[in-house]
Amino acid sequence: MTILEFSLLVAIGSMAAGLLGSLTGLGGGVVLIPMLTVLFKVDIRYAVGASLIAVIATSSGAAAAYVREGFSNIRIGMFLEIATTIGALLGAFIATWVAPSTIAIIFGFMLLYSAYLAAQPRRKLLGDEIQDPIATRLKLNGSFPTPEGTRHYCVHRVPVGFSLMFGAGALSGLLGIGSGAVKVLAMDQAMRIPFKVSTTTSNFMIGVTAAASAGVYLNRGYIDPGLAMPVMLGVLTGSMLGARILVKAETEWLRIVFGIVIALLGIEMLYKGFSGRI
Amino acid sequence: MTDPQAWNDRKVEDVIGNLLRVGVVLAASVVFIGAVIYLVRHGGAPANYRVFQGEPMELRQPRGIVHGAFAFSSRGIIQLGLLLLIATPILRVAFSVFAFAAEKDRMYMIFTMIVLSILLYSVIGTG
């Protein structure tokens, strides 16, 4: 395959990954890396580097739109970014010394978990009135606009959320994904932050987290311009298209299809990882 | 000179939104220009990413990348675009340091400076 053919095919595939990622809210990274490694036979280290670039592009692009709507909480984001960036740095360092097959295996498990999450209906959890004194001291409690007026919310279990965020960062640095699912889990489930605030704040944080590990990947020579170029441009186009259709699309069945696809990819990655063929 | 009230969260959010948008558009444009030159010059060569070799030193550090881009190396130009993209969230954090300082929020200024140092260490200090 020539560089021209390769670049065009990777760009088209990345566009599809970006489109699916934004429509399902699961991010493009989870399909991107299996696609590059399994379909295009790219070494997983190059794939992770290119994916991190795509993650920064889509998250910054989307955050630019969300941050103005007033849903994301900049203080929660900034405080938790301490945990995600340290985690990301650690994850990226681990990635540079473990065997590629180990990364494939962890990735496989992560895909199966994401498939499970995609199949779950979105639950609504309501925070109780008991406040976490740490949240008050850190000024994390906030409010957001609703059609019925401004709604206030309290943040709970800050230490649990902070630790989960460290894990989310490490996973992001190790696997080159945004790990938005873990971030939302930490904020929505553990800290009881309203879903809309959790998802937009998570998106806001993903770019900073990915930048922390991208620096390490760049310095270690894992970011190849020839590969990152079609991936970045493709994913960016796909996710922008996705944001356009998202308003009118019925996404429930799409989540199920996406769940099945990533489960299959997960099994494939596990197989390749355990048989050492990656 | 700076009125603390003028730097409320709303205005900060506006600036951050614009900063991110401009950064991504700029980075994507530089990558695109580099891509066109790269494909015209090397499009016919065989693609091989099966074997990991690692990038040459001049594509790893900000200084080398800028140098390569100005020497009109197509891979250097793409890498410069990618570097601009990585710099976008870092600039966002740097701006937040200033914004929290203007709001006289010491605690968050310190939190933001911690995040900023981690990011700068990652891009500059991990070679």
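What this report covers is the structure whose coordinates are included nearby. Think of each chain on its own: its residues are numbered from 1, step by step along the sequence as written. Following the order in which they are written, the chains are lettered starting with A and the ligands numbered starting with 1. Note on the predicted model: pLDDT of at least 70 is required for a residue's local features to be given, and 80 or more for side-chain atom pairs to be given and counted; whole-chain, interface and lining totals, by contrast, use all residues.

Given 3.6 residues to a turn, an α-helix orients residues that are three or four positions apart in the same direction. Residues and elements named next belong to chain A. Around each residue's C-beta, the other C-beta atoms within 10 Å are counted; 20 or more make the residue buried, 12 or fewer make it exposed, and counts in between make it partly exposed. All C-beta atoms are placed from the backbone. Counting from the N terminus, the helices are DSSP H or I runs at least four residues long and the strands are E runs at least two residues long. Burial of helix α8 (residues 180–190) is extensive: 9 of the 11 residues sit out of reach of the surface. Those residues of α8 that sit buried are Gly180, Ala181, Val182, Lys183, Val184, Leu185, Ala186, Met187 and Asp188. On its buried face, α8 sits against α5 (100–119), α7 (158–175) and α9 (195–219). Positive backbone phi, at 55 degrees, marks Arg192, one or two positions downstream of α8. By definition, residue pairs are in contact when their C-beta atoms, positioned from the backbone, come within 7 Å.

Let us look at unusual backbone geometry. A positive phi angle is found at A:Ser179, which is not glycine, with a value near 40 degrees. On the secondary structure map, A:Ser179 appears in the loop between α7 and α8.

A common way to report how large an interface is uses the accessible area buried once the components associate. With 54 residues of chain B at the contact, the number on the chain A side is 49 residues. For the side of chain B that touches chain A, the secondary-structure elements that each account for two or more residues are α1 (9–42), α3 (74–102) and α4 (106–124) of chain B. Per-element tally for the side of chain B that touches chain A: the top contributor is α1(B), with 18 residues. Partitioning the side of chain B that touches chain A into residue classes produces 31 nonpolar, 15 polar and 8 charged. Any residue outside Ala, Val, Leu, Ile, Met, Phe, Trp, Tyr, Cys, Pro, Asp, Glu, Lys and Arg is labelled polar, Gly included; the first ten of those are nonpolar and the last four are charged.

Moving on, we get to α4(B). Given a helix with a known number of residues, its expected span is that number minus one, times 1.5 Å. With 19 residues, α4(B) ought to run about 27 Å at 1.5 Å a step, and its terminal C-alpha atoms sit 26 Å apart, in line with that. Along α4(B), the residues that are buried comprise B:Tyr108, B:Phe111, B:Thr112, B:Val115, B:Leu116, B:Ile118, B:Leu119, B:Ser122 and B:Val123. Here the buried residues of α4(B) occupy an arc of 155 degrees about the axis, which is enough to place them on one side. In this structure, α4(B) carries B:Arg106 and B:Ile110 as exposed residues pointing more than 90 degrees from its buried face. Tucked into the core, α4(B) has its buried residues touching α4 (74–97) and α9 of chain A together with α2 (62–70) and α3 of chain B. Comment: arc refers to directions from the helix axis out to C-beta atoms.

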